[in-house]
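Structure at a glance
Residues per chain, in single letters:
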Amino acid sequence: MDYVYYPGCTLFTKARNLDECARKAAERVGFTLNEMPSWNCCGAIYNTTSDDLAAQVGPVRNLAKASQLGDRLVTLCAACYNVLKRAQDMLNGHGDALVRDRLLAFVEEPLVQPVKVLHFLEVLKNDIGWDNLRSRVVRELAGLKVACYYGCLMVRPAEVLSFDNPENPQVMDELMGVLGAAPVRFDFKAECCGGYLVVNRRDVARQCSDRIVENARAWGAEAIVTTCPLCQFNLERLPAASASPLPVFYFTQLLGLAAGLSEHELGLTSNTPTATEFLRAKGLT
Amino acid sequence: MLSSEASRWPNVRQAPTQPPVCLTHCFAHPKISVQVSSHVTEDPRLGQIEELSGQTVADCYQCGCCTAGCPIGTAMDPPPSKAIRLLQLGRAGELLASEGIWLCASCLVCGTRCPRGVDYARIAEACRAIVLRGRHSRVDPDTVTEPDLEEIPQQAFMASFRKFSV
């Protein structure tokens, strides 16, 4: 199976390990990500101010381009997923018609069909299927206690994304179960990590991230799994230095590990050294 | 009415000493007059905030679910429910000058849990837009330090500048 894929800017720079590992893991489990040509930044955050059209141009241009290639677009980064899916919802007629017409007239290519914005996790669950995926596992992550952290961008606004239960999402937990790991219950799987407040209010972002990590630890997690480069950064790097950090993996790294990718292919060098040590200590690499 | 501490917390077994108080009497009392209206002032900025955000501040009945769920609620001043209350009372200027609107990370927990369908993240965004359009950047991209640029993922800068810079 082939999918049109939108990587997004962070996956081409600081989160290269999310992009590269995901492409390889996808091949291992039976699908191919074809990067769409000449994509641009999605804007990283959806703008809700009613009269701000300029901020919508980025995602709308991407969707118009993607619509030439197919009716589905796969994303990996939680922010890209959120922004593109909300922009598509606006274009589908849930927004101001005048705004929509002006935006579509502004971008150089027409939107030839509505684009269904998918997350990699949705492809795994709905198109590949858990049973099929289970048969591709060559290295069970037996006994690995992980806290699956979804954050805000994967689940809210729930009525637009309709991705999973906004208060208690499950899809990543199901995936970890299929890979042989043991997802733990914890309280803050959809709580904000502080996001971009890290730029000017690192103290506030740290407070948010600390609470999530400590709660995951209290519920017995040995590692955290996430989908978003910014969540990964905040949860891994911000918590107070005094506490022993929990390794924070992308779900694609654990998928790749279970599907037989080599340690090098997982791109662990971009994580903290704790992540590599942790997997070694568990006998998984 | 509530003349003493004793009658504030009456013993349930005690016979009522006064007939039930009608609320309209309460509001009509000269010393505790309350004006129940969302239009106590004619601050044009309230209309602007409502238009930019697409929200109606009078819809909020102050249950506080938004503030309870807000991950930054303890640091945010005013927190969501109080911010909306300021708008209801015609004190938009106080909210626009506050720190609180700059601490919202648009995680959308408040709006998701609001039983009245009010999305405070949009209200905060409208407030920030009004301030930013007055050419007052909150985060100046030129002041980001080299170590931060090296370390923090791009999407954070993109989002931060989108939300906090002119």
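Chain B is annotated in an unreviewed UniProt entry as Heterodisulfide reductase from candidate division WOR-3 bacterium.

Under an unreviewed UniProt entry, chain A has the name Disulfide reductase and belongs to candidate division WOR-3 bacterium.

Some words on the domain arrangement of chain B
By convention, interface size is frequently given as the accessible area that disappears when the constituent parts associate. All names here are of chain B. What the domain assignment lists for chain B is domain 1 (44-134) and domain 2 (136-166). The distance between the C-alpha centroids of domain 1 and domain 2 comes to 23 Å. Taken residue by residue, the interface counts nine residues in domain 1 and seven residues in domain 2. Contact with domain 2 buries surface across domain 1, with Trp102, Leu132 and Gly134 losing the most and accounting together for 63% of the total. Joining domain 1 to domain 2, the criterion identifies two salt bridges. We note a salt bridge from glutamate 99 to arginine 138, for which the minimum N-O separation is 2.5 Å.

Overview of the side chain of serine 81 of chain B
Residues and elements named next belong to chain B. Note on placement: serine 81 falls in helix 5 (residues 80-88). For serine 81, a relative accessible area of 12% gives the class buried. Aside from chain neighbours lying at most four places away, what touches serine 81 is Gln62, Gly64, Cys66 and Thr67.

Description of the sheet that holds strand 2 (residues 32-35) of chain A
Residue and element names in this part refer to chain A. In space, the four strands of this open sheet follow the order 2-1-3-4, with parallel pairing throughout. Edge strands, defined here as strands with exactly one partner in the open sheet, are strand 2 and strand 4 (116-119). Adjacent strand axes in the sheet meet at a mean angle of 45° when their direction is disregarded. Relative to strand 4, strand 3 (residues 72-75) is paired through four bridges, and the arrangement is parallel. Paired with threonine 75 across the strands is histidine 119, a residue of strand 4. Strands in contact with helix 1 (residues 16-29) are strand 1 (2-6) and strand 2; relative to strand 2, the strand with the most contacts, it is inclined by about 135°. Running at roughly 90° to strand 4, helix 5 (residues 120-128) makes contact with strand 1, strand 2, strand 3 and strand 4 of the sheet.

Calculation notes
Residues numbered from 1 in each chain as written. Chains lettered and ligands numbered in written order. Predicted model: local features only at pLDDT ≥ 70, side-chain atom pairs only at ≥ 80, totals over all residues. Heavy atoms only, no water. Domains from an automatic or database assignment. Contact = heavy atoms within 4.5 Å. Buried area = accessible area lost by both parts, 1.4 Å probe. Salt bridge = Lys/Arg side-chain N within 4 Å of Asp/Glu carboxyl O. Helix = DSSP H or I, 4+ residues; strand = E, 2+ residues; numbered from the N terminus. Buried < 20%, exposed > 50% of the residue type's maximum accessible area, 1.4 Å probe, protein only. Pairing = 2+ DSSP bridges. Axes fitted to C-alpha atoms, helices over the stretch in contact; angles between N-to-C directions.

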